[in-house]
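Structure assessment
Below, each chain spelled out in residue letters.
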Amino acid sequence: MLKIIVCVKAVPDPKEADRLKIDPVTKSIPRLDIQLVLNPLDCHALEAAFQSRRKYGAQVTALSMGPPAAGNVLRECLALGADEGILLTDPAFAGADTYATAFTLASAIRKLGFVDLVLCGMVSSDGSTEWVGAQIAAFLDLPVVTRVSEILEDQGDVWTIKSDYENGYRIVKLKLPAVLTVTREINQPKALSFSGILKARSKQIIEWNLESLDLPAERVGLKGSPTCVSELSNLESRRAVEMLEGTLEEKVDHLIEILTNARAA
Amino acid sequence: MIDFTFSEEQELFRKAAKEFAETRIAPHVPIMEQTNRGWDEVVKELAEAEMFAVTIPEEYGGLGIGYIGRLIALEEIARISVATAMMYQVFGLGIEVFIKFGSEEQKRKYLPKFATGERLPTVAVTEPGGGSDPKGCQTSYTKEDGSYVLNGRKCFITNSHIADVQVVLANDCENSEAYSTFIVEKGMKGFKATHEEHKVGMRGCNTGEIELREVVVLADNILGGEGKGLKVAMTAIGDVGRGGMVGCSLGVQQACLEAAVKFANERVLYGKPISNLQAIQFKIAEMKIDLEAGRLLGYRAAALQDRGERSANEFAVAKYFTTEAAQKAAKMAVDIHGGYGCMEEFPVTRYLRDSFVLGPSAGTSDIMKVIISRWALT
Amino acid sequence: MMAQENAKVFVIAELGMRGTERVTLQLIGKARQLADEIDYGVGVILLGSDLADSEQELIEAGADLVLKGDAETLELYQAELYTAIIVKLVKEYQPEILLLGSTSMGRELAPLLAARLETGLTAHCIDLAINASGILEQRIPAYGGMITIICPIKRPQMATVAEGVFPNPVLDSSRTGNVIPIEIQDGISLRAHTLEIVREELMGISLESAQVIVAGGAGAGDVDGWREITELASVLNAGLGSTRPVVDAGWSDFDSMIGQSGKMVNPDVYIGVGISGDLQHMVGITGPKIMVAVNNDPKSHIFEQVDYGVVEDCRIFVPALVSALKDNKAKPD
């Protein structure tokens, strides 16, 4: 039976996230009451784990580092089908860059003992770096393939993977245990179901903090982050706009005139 | 005393129902509107999403989630398609009479198939001679050698043509005070769905007439005991029927508020979005107040129901309030849209038409007041 | 001290279908500028197979030192092998700064290197500068503004940068540099072994070279609205770009996305349709002489960033524009 960890992240609802703006006066980002949701690509990572479980049998653990409110997102992972959830939460973990985040997650995975597969969404909707999956692999000294779009062969412990690469793809032969970060193309996640939500009642979410992971405070959170933000600034708007007026036809004609003069039309 | 928040699990039910309605029901709405058809597809979607199992106890193949869960699901489905929500709620009514009044044998025979949506039931009470007055029922039965022969006609029945099983209220020919509810199944000789209605709203919701001509059934087909028909029908309509209308109405209210807010924030007049104008703000405030109040009334009644307590009166209040509020909300939303409120591409026109059908379903507003005054006066 | 012995601003070179990737040369050009500010040299790590004298172009772009690994095992990008080699070189040469292109290879290799080197890494920078304390300022757009990130203590300071952020450097054939061959160990077993890389030829007009770009955003409304925008691009013979919401909705794929984590473009004319003017997208566009926006929201942020604005629902405006453009084309001159 495979042991699979899916790293998930609770992110501000992408539909609301563009309300978060740098305040031009305080030069900081005011906290808004935006709901935390499951990072969209993580659903695909979870479904990939479930597909392996359907085929070969597996225990699927959802792992996340976040504030206590991220527990709701883990509960959703259980409802989607994860067997258990682990929340790494501690004020000391706050302010982490990708290095400290990956380090903390990797420590938790190490604590869980042997794993066959670590799955992550390729990128989070708020951080947008694509770093954490690969860095977890580095800390655990596991091989990694990023941007996986298809698993071509998955019998035994040598898999054949297809991943996005520039304008095409690459084929990789991968020996487990390993880390994969996945794209949207890899599967079609199943919808949240009522029976799944009921089954989650008997599943547990374990919380681990700094002490549970037995890590020194300097290696996690803001203190453990090699990068930091030195400045926030606003971008000045750049151009003086001329708004085209008139009826629909007049605006269309005016625009065509502009484009013709610019040799675009 | 009271905790007004939903549990984490209930929030997940809402999320699942919302995603279901937005991804699996919404694509069918245009066809339903244009053709007054398309119900088979949405009923299939409801079945696949385990919606029919919500109130059925686990021991009969259901999920046993209860009535708050049902109300959450109805709200979210109605927000996208009231027609679908209406069919769903009336199937729920059919399911309820079996849960409450079915014999052990009847429950085992029917409920598991209802849970998967393989077979679906409805309740047929209303007739040309009486809906508000159920005793105006002229559908009758006679007893002949241990079997019963049914004759009559029911109208304005939701799911008339698509229900596999109908629970029909009939009057004993030999005793005008006695009513019984009979399980009648599609395919039985003499039983058929006849005329289809074309409603101004809830298009795509199957509504029509059924006819019974010398339909022969056995004693096994009596639901709830001979002579207990009115109790069976009225009890189920009293909470599940009314509760279903609350869900439909709350969905319409929510949809109207969202449409009004979106339009008010985008429509620019006098150099600013009209959401800056107090007249518009006041209409939106009224819609918001009615939605907050309606939700509290509905969920309070559903919570009583989940505890196994009597809730028919509380649901009467909630049904009256929300169906009236939905009609008001739809009109206000249309008004906020100005001229665009008459144009079919704008969903508010559909909400307005849908809202007309909310009032008379499961008891008119005036009947609700009769019931509520009775509650207040005793 | 000779610059090549003091090479401290490093770039990881990447080879593509037609030789050195443009982003590599652009980064070397920028590295040259940064290195001059801190009085250091520029080093480039070049890994591949059958390299001939590909290092020449790197030197002409500004490199003082090229560490060249030429072996059959390096023909295709192999994460474990490239990581092991580069980590060893970095520990030996101790660069202050290490830059990679924000390419598929870069986005996998950079985090692996940063974790192994226990240092910081910033993604998709749109600007780099040396501040008064000699530290690399790495700028990324976020939250409607600009965030400056630094890696004050750990070294090297690492960043990835997309193609098109920095200009193509002027190649100076008179430049010289030192080329040091790297010995590549044989027979390292790879747990992740790239068997094959298939790069497809781009269909249609490449965004990076398009002179006119039509970009569509969430305002397209639905896949039909998106198709109208596609038609507009076609009628104007323009490149077709998109924003993240369009990619998320599945109307177009990631390759068409213009923005900080997508493509950087510099057309002469940019027409944004149904686009809100979100910073993450707008930073992907540099240099256009004319910028036009069509959006149904008069308050939209995009109207502060363009030369010409049209307040109209793009689902109404675009078909009208396409129709009129087609009529014009049909008219005899």
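Position numbers for residues start from 1 in each chain and track the written sequence from start to end. All chains are assigned letters beginning with A, and all ligands numbers beginning with 1, in the order in which they are written. Only residues with pLDDT of at least 70 get local features here, since the model is predicted, and only at 80 or more are side-chain atom pairs given and counted; chain-wide, interface and lining totals rely on the full set of residues. For the side-chain quantities, the full set of heavy atoms in the structure was used; hydrogens and water were omitted.

1. Some points on helix H4 (residues 132-140) of chain A
To keep it simple, the criterion reads: A 1.4 Å probe rolled over the protein chains alone gives each residue an accessible area, and that area as a share of the maximum for its type sets the label: buried under 20%, exposed over 50%, partly exposed in between. Working definition: helices are DSSP H or I runs of at least four residues, strands are E runs of at least two. Numbering for both runs from the N terminus. Pairs of residues are marked as contacts when any of their non-hydrogen atoms sit within 4.5 Å.
Most of H4(A) is tucked away: eight of the nine residues are buried. Of all the residues in H4(A), the buried ones are A:Gly133, A:Ala134, A:Gln135, A:Ile136, A:Ala137, A:Ala138, A:Phe139 and A:Leu140. Where H4(A) is buried, its residues contact strand E1 (2-7), helix H3 (98-111), strand E6 (117-121), strand E7 (144-153) and strand E10 (178-182) of chain A together with helix H4 (104-116) of chain C. Positive backbone phi, approximately 55 degrees, marks A:Asp141, located one or two places after H4(A).

2. A word on the interface of chain A and chain C
Rules: Defined in terms of a 1.4 Å probe, buried area is the accessible area two parts forfeit on being brought together, summed over both. A side-chain nitrogen of Lys or Arg and a carboxyl oxygen of Asp or Glu constitute a salt bridge if their distance falls within 4 Å.
In this assembly, 62 residues from chain A lie in contact with 78 residues from chain C. Counting the surface lost from both chain A and chain C, the interface buries some 6,500 Å², and carbon and sulfur atoms represent 60% of this. On the chain A side of the interface with chain C, the three residues burying the most area are A:Trp131, A:Tyr165 and A:Arg239, jointly 12% of the side's total. Inspection of the region where chain A meets chain C yields five salt bridges. Between C:Asp248 and A:Arg184 there is a salt bridge whose closest N-O contact spans 2.8 Å.

3. What about the packing of helix H3 (residues 39-48) of chain B against helix H5 (residues 82-101) of chain B?
Residue and element names in this part refer to chain B. What counts here: Axis angles are defined between N-to-C directions and span 0 to 180 degrees, where every axis is a line fitted to C-alpha atoms and, for a helix, only to the segment in contact. An angle below 35 degrees is treated as roughly parallel, one above 145 as roughly antiparallel, one from 65 to 115 as roughly perpendicular, and anything else as oblique. Definitions for this section: a left-handed crossing has its near helix turned counterclockwise from the far helix by less than a right angle. A right-handed crossing has that turn clockwise. In the scheme used here, Gly and all other residues not listed as nonpolar or charged are polar, with Ala, Val, Leu, Ile, Met, Phe, Trp, Tyr, Cys and Pro taken as nonpolar and Asp, Glu, Lys and Arg as charged.
Contact geometry of H3 with H5 gives a least axis separation of 10 Å together with a crossing angle of 60 degrees. Comparing their axes, H5 and H3 come out oblique. The two elements H3 and H5 meet at a crossing, and its hand is right-handed. Between H3 and H5, the contacting residues are Trp39, Val42, Val43 and Leu46 on the first element and Thr84, Met87, Tyr88 and Phe91 on the second. Here the contact of H3 with H5 is built from residues that sort into seven nonpolar, one polar and no charged.

4. Thoughts on H3(B)
Two residues of an α-helix separated by three or four positions point the same way, owing to the 3.6 residues in each turn. Residue and element names in this part refer to chain B. Along H3, the positions that sit buried rather than exposed are Trp39, Val42, Val43, Glu45, Leu46 and Ala47. Summarising the contacts, the buried residues of H3 are in contact with helix H1 (8-25), helix H2 (29-35), helix H4 (67-80), H5, helix H6 (104-116) and strand E6 (191-196). Glutamate 50 occupies a position one or two residues after H3 and carries a positive phi of about 65 degrees.

5. Points about unusual backbone geometry
For the bond from A:Leu176 to A:Pro177, the omega torsion is 0 degrees, close enough to zero to count as cis. Inspection of the secondary structure assignment puts A:Pro177 in the loop between strand E9 (168-175) and E10. Cis geometry is adopted by the peptide bond preceding C:Pro156, which originates at C:Arg155 and carries an omega value of 0 degrees. Along the chain, C:Pro156 turns up in the loop between strand E10 (145-150) and strand E11 (157-161). Backbone geometry at A:Glu166 places phi at a positive 50 degrees, although glycine is not the residue there. If you trace the backbone, A:Glu166 turns up in the loop between strand E8 (158-165) and E9. By relative accessible area, A:Glu166 is classed as partly exposed at 25%. Positive phi outside glycine occurs at B:Met202, with the angle close to 50 degrees. You can call B:Met202 buried: its relative accessible area is 1%.

6. Some thoughts on the packing of aromatic side chains
In plain terms, the rule: Pairing of aromatic rings covers Phe, Tyr and Trp, the last counted by its six-membered ring, and requires centre-to-centre distances within 6.5 Å; plane angles under 30 degrees mean stacked, over 60 mean edge-to-face, and any other angle means tilted. Counted as over-ring charges are cases with an Arg CZ or a Lys NZ within 6 Å of the ring centre that also lie within 35 degrees of the ring normal.
A full pass over the atoms with the stated rule returns 18 aromatic pairs over all chains. For the ring pair C:Phe10 and C:Tyr93, a centre distance of 6.1 Å and an interplane angle of 45 degrees mean the geometry is tilted. Remark: C:Tyr93 occurs in helix H3 (residues 79-93) and C:Phe10 occurs in strand E1 (residues 7-12); sequence separation between them is 83 residues. Comparing C:Phe10 with C:Tyr93 shows no difference in burial state: the two are buried. One aromatic cluster in this structure is built from A:Tyr99, A:Phe103 and A:Phe139. The ring centre of A:Phe103 lies 4.2 Å from the NZ or CZ of A:Arg219, which sits over that ring. Taking the ring centre of B:Phe6 as reference, the NZ or CZ of B:Arg14 above it sits at 5.1 Å.

7. As for a nonpolar patch on the surface
What counts, and what does not: Note on patches: the residues involved have over 30% relative accessible area and no salt bridge, like charges join within 9 Å, and the nonpolar side chains Val, Leu, Ile, Met, Phe, Trp and Tyr join within 5 Å. Methods summary: accessible areas were calculated by the Shrake-Rupley approach with a probe of 1.4 Å, and residue burial reflects only the protein chains presented.
Judged by side-chain polarity, B:Ile2, B:Phe4 and B:Leu296 come together as a nonpolar surface patch covering roughly 330 Å² of accessible area. Among the secondary structure elements, B:Ile2 is positioned in the segment before H1.

8. Some points on the sheet that holds strand E4 (residues 58-65) of chain A
Rules: For two strands to count as paired, DSSP must find a minimum of two bridges between them.
Here 10 strands make up an open sheet; going across it, the order is E11(A)-E5(A)-E4(A)-E1(A)-E6(A)-E10(A)-E7(A)-E8(A)-E9(A)-E13(C) and the pairing mixed. Strand pairing shows two members of the sheet lacking a second neighbour, strand E11 (205-208) of chain A together with strand E13 (192-198) of chain C, which therefore form its edges. Strand after strand, the sheet turns through a mean of 35 degrees between neighbouring axes, direction not considered. Pairing of E9(A) with E13(C) involves six bridges; the strand directions are antiparallel. When the sheet's bridge partners are listed, A:Arg170 is paired in E13(C) with C:Ile197. Across the sheet, H3(A) touches E1, E4, strand E5 (84-88), E6 and E11 of chain A, and the angle it forms with E4(A) is around 145 degrees.

9. A word on the side chain of B:Ser275
Residues and elements named next belong to chain B. The cut-off we apply is this: Polar contact is the term for a pair of N or O atoms within 3.5 Å; when the atoms are in protein, one must be able to donate a hydrogen and the other to accept it, and sequence-neighboring residues count only if both atoms are side-chain atoms.
On the secondary structure map, serine 275 appears in the loop between strand E10 (272-273) and helix H8 (278-306). For serine 275, the side chain forms a polar contact with the side chain of asparagine 265, separated by 2.9 Å. Among residues more than four places away in sequence, those in contact with serine 275 are Ala264, Asn265, Ile280 and Gln281.

10. Points about the packing of H1(B) against H3(B)
Any two packed helices are characterised by how steeply their axes cross, that is the angle between the axes, and by the distance between the axes. Residue and element names in this part refer to chain B. Look at H1 against H3: their axes get within 11 Å of each other, and the N-to-C directions meet at 145 degrees. Judged by the sense of rotation from one axis to the other, the crossing of H1 with H3 is right-handed. When H1 is examined against H3, the residues Phe20, Arg24 and Ile25 are found in contact with a partner set consisting of Val42, Glu45 and Leu46. When its residues are assigned to classes, the contact of H1 with H3 shows four nonpolar, no polar and two charged.

11. A closer look at the domain arrangement of chain C
All names here are of chain C. Spelled out, the test is: Domain limits in this description derive from either an automatic procedure or a database domain assignment.
Domain annotation of chain C identifies domain 1 (3-181) and domain 2 (212-330). Taking the mean C-alpha position of each, domain 1 and domain 2 sit 33 Å from one another. Residue-level contacts link 14 residues of domain 1 with eight residues of domain 2. Overall, the association of domain 1 and domain 2 removes approximately 830 Å² of surface from exposure, summing both partners, and the carbon and sulfur fraction of that is 61%. It is Arg107, His124 and Pro141 in domain 1 that bury the most area against domain 2; as a group they hold 45% of the surface buried on that side. At the boundary of domain 1 with domain 2, the tally comes to zero salt bridges. For the interface between domain 1 and domain 2, the tally reads zero residue pairs in polar contact (both at pLDDT 80 or more). A per-element tally of the side of domain 1 that touches domain 2 places strand E9 (residues 136-142) first, with three residues. By residue class, the composition of the side of domain 1 that touches domain 2 is eight nonpolar, four polar and two charged.

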